[in-house]
Amino acid sequence: QVQLVESGGGLVQPGGSLRLSCAASGLLFRFYTMGWYRQAPGKERELVATISSIGSSTNYVGSVKGRFTISRDNAKNTVFLQMNSLKPEDTAVYYCNANAGTLHWGQGTQVTVSS
């Protein structure tokens, strides 16, 4: 059974930082492209960042470029999202995604940016 478990969300002030983690099990992690998505209240789920199976390629949505960094540790079956210079508009539930043709999703972790 595939499981993706996100952690690291919380409440942070504007300009602050958070590091999200997603621990994967039940799949051959090193073969999967991993991604982070987010969904704010009343909005569609949107792609935030992706990283290729061996970590050689990353992509970001324009609004987070230069502030967020996606990385992975294939030895620990974990993908990370380092979020710096957070803004109120980054407030959302953040979801981990594993993609190798079939898609798997985590349960999400809440990130709230507010003073």
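Note that the structure is a prediction, hence the values are computed from the model and not measured. (Residues numbered from 1 in each chain as written. Predicted model: local features only at pLDDT ≥ 70, side-chain atom pairs only at ≥ 80, totals over all residues. Heavy atoms only, no water.)

Q: I keep staring at the overall build of the chain and nothing clicks. Help me out?
A: Tallying secondary structure elements over the chain gives 0 helices and 11 strands in all. Ordered by position from the N terminus, the helices and strands of the chain form the series β-β-β-β-β-β-β-β-β-β-β. Taking 13 Å as the expected radius of gyration for a compact globule of 115 residues, we find that the chain reaches 13 Å, a close match to that expectation. Counting only C-alpha atoms and orienting by the principal axes, one finds that the chain spans roughly 40 × 25 × 25 Å. By residue count, 39% of the 115 residues in the chain fall in the buried class. Residue pairs at least 24 apart in sequence account for 52% of intrachain contacts in the chain once pairs closer than 6 positions are excluded. For the chain, the exposed area adds up to about 6000 Å²; of that, 48% sits on carbon and sulfur atoms. Where the 10 positive side-chain charges of the chain centre and where its 6 negative ones centre are 6 Å apart. (Helix = DSSP H or I, 4+ residues; strand = E, 2+ residues; numbered from the N terminus. Rg over C-alpha atoms; globule rule 2.2 N^0.38 Å. Buried < 20%, exposed > 50% of the residue type's maximum accessible area, 1.4 Å probe, protein only. Contact = heavy atoms within 4.5 Å. Areas by Shrake-Rupley, 256 points an atom, 1.4 Å probe, with all protein chains shown as cover. Lys, Arg positive; Asp, Glu negative; His and termini not counted. Charge placed at Lys NZ, Arg CZ, Asp CG, Glu CD.)

Q: Just to check I follow, could you spell out the side chain of Glu6 for this structure?
A: For Glu6, the location among the structural elements is in strand β1 (residues 3–7). Within the structure, the side chain of Glu6 is placed 3.0 Å from the backbone nitrogen of Gln107, a separation counted as a polar contact. A distance of 2.9 Å separates a polar side-chain atom of Glu6 from the backbone nitrogen of Gly108. (Polar contact = N/O pair within 3.5 Å; in protein donor to acceptor, adjacent residues only side chain to side chain.)

Q: Looking at this structure, how should I read the pairing of strand β8 (residues 78–83)?
A: Remark: a regular strand shows side chains that alternate across the two faces of the sheet. Burial analysis of β8 places 5 of its 6 residues in the buried class, the great majority of the element. In this sheet, β8 lies alongside strand β3 (residues 18–25) in antiparallel orientation, the contact comprising 6 bridges. Paired with Ser21 across the bridge in β8 is Phe80. Pairing of strand β7 (residues 68–73) with β8, which is carried by 6 bridges, proceeds in the antiparallel orientation. Paired with Ser71 across the two strands is Phe80, which belongs to β8. (Pairing = 2+ DSSP bridges.)

Q: Hey, could you run me through the packing of aromatic side chains in this one?
A: For any two aromatic rings, the description comes down to two numbers: the centre-to-centre distance and the angle of the planes. Counted under the stated rule, the structure contains 1 aromatic pair. Aromatic pair Tyr37 and Trp105: ring centres 4.9 Å apart, planes at 70°, arrangement edge-to-face. A residue pair is termed long-range when its members are at least 10 positions apart, and Tyr37 in strand β4 (residues 33–39) and Trp105 in strand β10 (residues 103–105) qualify at 68 residues. Classification of Trp105 by relative accessible area gives partly exposed; the value is 35%. When the ring centre of Tyr95 is taken as reference, the NZ or CZ atom of Arg45 above it lies at 3.7 Å. (Phe/Tyr/Trp six-rings, centres within 6.5 Å; stacked < 30°, edge-to-face > 60°. Lys NZ or Arg CZ within 6 Å of the ring centre and 35° of its normal.)

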